[in-house]
Amino acid sequence: SQTIHQWPATLVQPVGSPLSLECTVEGTSNPNLYWYRQAAGRGLQLLFYSVGIGQISSEVPQNLSASRPQDRQFILSSKKLLLSDSGFYLCAWRQPGQGFEQYFGPGTRLTVT
Amino acid sequence: AQSVTQPDIHITVSEGASLELRCNYSYGATPYLFWYVQSPGQGLQLLLKYFSGDTLVQGIKGFEAEFKRSQSSFNLRKPSVHWSDAAEYFCAERDTDKLIFGTGTRLQVFP
């Protein structure tokens, strides 16, 4: 069966510090991968998605970036965090050719102070 | 642009009462529709999905949803709510390789 991992689970970082959040999927190959953000009391905002290694689509201009160095690894990064980057970050995957539903990881709670 | 509307931000029901959460989608041709549930501090869990066929679809945890093309709706229902159903519920529609989510409905359950 497939599983998706995210780490860290929680993170407190000062403004201006760098960020690296990691997501990995097990038990599948060539998945589509997605990064979402939930700000407090708001819905899901799609940040990036990837259909293959090195292929990243950005949905919202911001100071975040994403990379996919391996087939089942998706990384969200920032060089300098802003207060507005605080939120709950969710990674998700989908298997192309097997429906359009996405499966979500447990999330990372980021607080920028 | 496609959009998904969940008109109710917050709903409160008593345990044992029936539940209906509303969802309206904007893209009418052949929608692919989903309902997800999110407990506090956790990721989203897929409750059910609709692609085609029977317009009444069954999901996990006793939930069902009915697709009504004439109303562009995909409402989620449960005949008897349990306290453990308290959570946030999201409706979503497929947009090529992505999902478009509604803003969510927070369900509160009173004993």
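Structure: above.
Residues numbered from 1 in each chain as written. Chains lettered and ligands numbered in written order. Predicted model: local features only at pLDDT ≥ 70, side-chain atom pairs only at ≥ 80, totals over all residues. Heavy atoms only, no water.

A.B. asks: Could you give me a rundown of the interface of chain A and chain B, with the residues and numbers involved?
C.D. replies: Facing the 21 residues of chain A at the interface are 19 residues of chain B. Between chain A and chain B, roughly 1,500 Å² of surface is buried when both sides are summed, and carbon and sulfur atoms account for 60% of that area. Remark: the boundary between chain A and chain B carries three salt bridges. Two residues, R94 of chain A and D97 of chain B, come together in a salt bridge whose shortest N-O distance is 2.9 Å. Counting the contacts that link chain A with chain B gives six residue pairs in polar contact (both at pLDDT 80 or more). (Contact = heavy atoms within 4.5 Å. Buried area = accessible area lost by both parts, 1.4 Å probe. Salt bridge = Lys/Arg side-chain N within 4 Å of Asp/Glu carboxyl O. Polar contact = N/O pair within 3.5 Å; in protein donor to acceptor, adjacent residues only side chain to side chain.)

A.B. asks: Explain the state of the cysteines to me, and be specific about the residues and the numbers.
C.D. replies: Residues and elements named next belong to chain B. Scanning the entire structure with this criterion turns up two disulfides over all chains. Residue C23 pairs covalently with C91 via a disulfide, S to S 1.9 Å. Every disulfide takes its handedness from the sign of the S-S torsion; for C23 and C91 that torsion is -65°, giving left-handed. Here C23 is found in the loop between strand 3 (19–21) and strand 4 (24–25), whereas its partner C91 is found in strand 10 (residues 87–95), with 68 residues between them in sequence. (Disulfide = S-S within 2.5 Å. Helix = DSSP H or I, 4+ residues; strand = E, 2+ residues; numbered from the N terminus.)

A.B. asks: Outline the nonpolar core, supporting the account with residue identities and numerical values.
C.D. replies: In terms of nonpolar packing, the biggest core is built from 25 residues, with W35, L48, F74, L76 and Y89 of chain B touching the most fellow members. Where this core is concerned, the elements lending two or more residues are strand 2 (10–14), strand 3, strand 5 (33–38), strand 6 (44–50), strand 8 (64–68), strand 9 (73–78), strand 10 and strand 12 (105–110) of chain B. (Core = buried A, V, L, I, M, F, W, Y, C linked by side-chain atoms within 4.5 Å. Buried < 20%, exposed > 50% of the residue type's maximum accessible area, 1.4 Å probe, protein only.)

A.B. asks: How would you sum up the layout of surface pockets? Please name residues and give values.
C.D. replies: Here the second largest pocket is characterised by a volume of approximately 190 Å³. If you trace the second largest pocket, you find it lined by R37, Q38, A39, R42, G43, L44, Q45 and S84 of chain A together with F101, G102 and T103 of chain B. Contributing elements (two or more residues each) for the lining of the second largest pocket: strand 4 (32–38) and strand 5 (44–52) of chain A. Tallied by class, residues from the lining of the second largest pocket come to three nonpolar, six polar and two charged. (1 Å grid on protein atoms, 1.4 Å probe; cavity = no way out; pocket = protein on both sides within 12 Å on 5 of 7 lines; lining within 4 Å. Points joined across faces, edges and corners; volume = space filled by probe spheres on them. Nonpolar A, V, L, I, M, F, W, Y, C, P; charged D, E, K, R; others polar.)

A.B. asks: I'd like a rundown of the side chain of E101 of chain A, residues and numbers included.
C.D. replies: Its place among the elements puts E101 of chain A in the loop between strand 9 (87–94) and strand 10 (103–104). At 3.3 Å, the side chain of E101 of chain A and the side chain of Y103 of chain A are in polar contact. At 2.6 Å, the side chain of E101 of chain A forms a polar contact with the side chain of K49 of chain B. If we skip the residues at most four places from it in the chain, E101 of chain A touches W93 and R94 of chain A together with F34, Y36, L46, K49 and F51 of chain B.

A.B. asks: How would you sum up the pairing of strand 11 (residues 98–101) of chain B? Please name residues and give values.
C.D. replies: Residues and elements named next belong to chain B. Note that strand 10 and strand 11 share four bridges and pair antiparallel. Looking across to strand 11, one finds that R94 is bridged to L99. In this structure, the hairpin formed by strand 10 and strand 11 is closed by a connection of two residues, where T96 is found at a positive phi of approximately 50°. (Pairing = 2+ DSSP bridges.)

A.B. asks: So, the packing of aromatic side chains: which residues are in play, and what are the values?
C.D. replies: Think of a pair of aromatic rings as described by two things: how far the centres are apart, and how the planes are tilted against each other in angle. Taken as a whole and assessed by the stated rule, the structure comprises 17 aromatic pairs over all chains. Ring geometry for F34 of chain B and F51 of chain B: centres 5.9 Å apart, planes at 80°, overall edge-to-face. Separated by 17 residues along the polypeptide, F34 of chain B in strand 5 and F51 of chain B in the loop between strand 6 and strand 7 (56–58) bring together distant segments of the chain. F51 of chain B sits in the partly exposed class, given a relative accessible area of 24%. With 6.2 Å between their ring centres and 45° between their planes, Y50 of chain B and F74 of chain B make a pair best called tilted. Of this pair, Y50 of chain B sits in strand 6 while F74 of chain B sits in strand 9, and the two are 24 residues apart along the sequence. Residue F74 of chain B is classed as buried on the basis of its relative accessible area, which comes to 0%. Here the aromatic cluster, defined as three or more aromatic residues joined through ring pairs, consists of Y34, Y36, Y49 and F104 of chain A together with Y36, F90 and F101 of chain B. Directly above the aromatic system of Y32 of chain B lies the positively charged group of R94 of chain B, at a separation of 5.1 Å from the ring centroid. (Phe/Tyr/Trp six-rings, centres within 6.5 Å; stacked < 30°, edge-to-face > 60°. Lys NZ or Arg CZ within 6 Å of the ring centre and 35° of its normal.)

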